[in-house]
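Remarks on the overall topology
Residues per chain, in single letters:
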Amino acid sequence: MSETEDAFLRRRRKFGLGVACALGGVGLGLTLVAVPFVLPALRRYCLPYVPATPEHIEYVLLQLKGRTGKVVDLGSGDGRLVIAAAKQGHQAVGFELNPWLVLYSRWRAFRSGVHRLAKFRRRDLWKVNFSEYENIIFFGVDQMMEPLAEKIAREALPTARVIAWTPTAKIPMGPTTNSNLGQLSSK
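First things first, this report covers the structure right here in the doc. (Residues numbered from 1 in each chain as written. Predicted model: local features only at pLDDT ≥ 70, side-chain atom pairs only at ≥ 80, totals over all residues. Heavy atoms only, no water.)

Moving on to the pairing of strand E5 (residues 161-165). E5 sits mainly inside the fold: four of its five residues count as buried. Where strand E4 (residues 135-139) and E5 come together, five bridges link them in parallel fashion. For Phe139, the partnering residue across the bridge sits in E5 and is Trp165. Of the crossover connections in this fold, the one passing from E4 over helix H5 (residues 142-155) to the parallel E5 is right-handed. (Buried < 20%, exposed > 50% of the residue type's maximum accessible area, 1.4 Å probe, protein only. Helix = DSSP H or I, 4+ residues; strand = E, 2+ residues; numbered from the N terminus. Pairing = 2+ DSSP bridges. Right-handed = clockwise from strand over helix to strand, strands pointing away.)

In this section: the packing of aromatic side chains. Considering all chains together, one arrives at two aromatic pairs under this definition. Pairing Phe95 with Tyr133 gives two aromatic rings, centres 6.4 Å apart and planes at 85°, and the pair type is edge-to-face. Taken as a pair, Phe95 in strand E2 (residues 92-96) and Tyr133 in the loop between strand E3 (118-122) and E4 lie far apart in primary sequence, 38 residues in all. When sorted by exposure, Phe95 lands in the same class as Tyr133, which is buried. (Phe/Tyr/Trp six-rings, centres within 6.5 Å; stacked < 30°, edge-to-face > 60°.)

Here helix H2 (residues 54-64) crosses helix H3 (residues 80-87) at 40°, and the two axes come no closer than 10 Å. Between H2 and H3, the interaxial angle falls into the category oblique. The interaxial crossing formed by H2 with H3 has right-handed handedness. For the pair formed by H2 and H3, the contact residues are His56, Ile57, Val60, Leu61 and Leu64 on the first element and Arg80, Leu81, Ala84 and Ala85 on the second. Its residues assigned to classes, the contact of H2 with H3 comprises seven nonpolar, one polar and one charged. (Axes fitted to C-alpha atoms, helices over the stretch in contact; angles between N-to-C directions. Parallel < 35°, antiparallel > 145°, perpendicular 65-115°, else oblique. Left-handed = near helix turned anticlockwise from the far one by under 90°. Contact = heavy atoms within 4.5 Å. Nonpolar A, V, L, I, M, F, W, Y, C, P; charged D, E, K, R; others polar.)

Our next topic: the nonpolar core. If you look at the biggest cluster of nonpolar residues, it comprises 21 residues, and the most contacted ones within it are Ala118, Phe120 and Ile163. Counting residues per element, the ones that place at least two in this core are H2, H3, helix H4 (99-112), E3 and E5. Ranked by the residues each element gives to this core, the list is headed by H3, at six residues. Setting aside residues up to four positions removed in sequence, Ala118 forms contacts with Val82, Ala86, Ala92 and Ala109. Counting residues in hydrophobic clusters, the runner-up holds 19 residues, among them Val72, Leu125, Val128 and Val141. (Core = buried A, V, L, I, M, F, W, Y, C linked by side-chain atoms within 4.5 Å.)

The subject of this paragraph is the pattern of salt bridges. Close approach of charged atoms allows side chains of opposite charge to pair. Going through the model one piece at a time under the given rule, you end up with five salt bridges. A salt bridge links Glu155 to Lys151; the nearest nitrogen and oxygen atoms lie 2.8 Å apart. Highlighted residues: Glu155 and Lys151, both in helix H5, separated by four residues, approximately one helical turn. Salt bridges here are not isolated pairs; linked through shared partners, they connect Asp78, Arg80 and Arg108. (Salt bridge = Lys/Arg side-chain N within 4 Å of Asp/Glu carboxyl O.)

Our focus in this paragraph is the environment of Thr159. Relative to the assigned elements, Thr159 resides in the loop between H5 and E5. A relative accessible area of 47% means that Thr159 is categorised as partly exposed. Thr159 sits 25 residues away from Glu134 along the chain, and the two C-alpha atoms are 6.7 Å apart. Once you skip the residues sitting within four places of it in the chain, Thr159 turns out to touch Arg67 and Glu134. Among the polar contacts made by the side chain of Thr159, one reaches the side chain of Glu134 at a distance of 3.0 Å. (Polar contact = N/O pair within 3.5 Å; in protein donor to acceptor, adjacent residues only side chain to side chain.)

What follows concerns H5. With 14 residues, H5 extends 21 Å from end C-alpha to end C-alpha; this agrees with the ideal 20 Å at 1.5 Å per step. Listed as buried for H5 are Met144, Met145, Leu148, Ala149, Lys151 and Ile152. (Expected span 1.5 Å × (residues − 1).)

In structure tokens form, the structure reads like this:
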């Protein structure tokens, strides 16, 4: 084998190795981005990411009108509701498991100029203590509502307003206050 053929084969091997590394890196990157969106399907209660519509945001803001105290959005997704509440002057916190959505929400709050009022935390909603929140927002799935209503009833302030509904409900399930929270779990 001549020296030029040997150099050609070495370049070809390096090119093949470079392509393999690039494809592996792309595959790993796609996996790291996709896993937080797929993992909720493996939890006890499957709670997929569904962005709030303009109608949802309008409804929540209407229910918050005239209310004081902190606002919490459980499963805040891309932060639309938290940011909208902050724009109305509320101190708002969003809890979300997906780290990419938490980062995106923080970026959106910064771009909207409400990053001092809108905070986002990566936390499981079952580990959140509701005792410091006057307004609780949650859009969930039917099988989750009853256990969540029980948790909120145990922990939330008596004057807390819960704004909640499920995708399968024909009309919103909330708002309600902690004193009549039973309505939340009974559709």
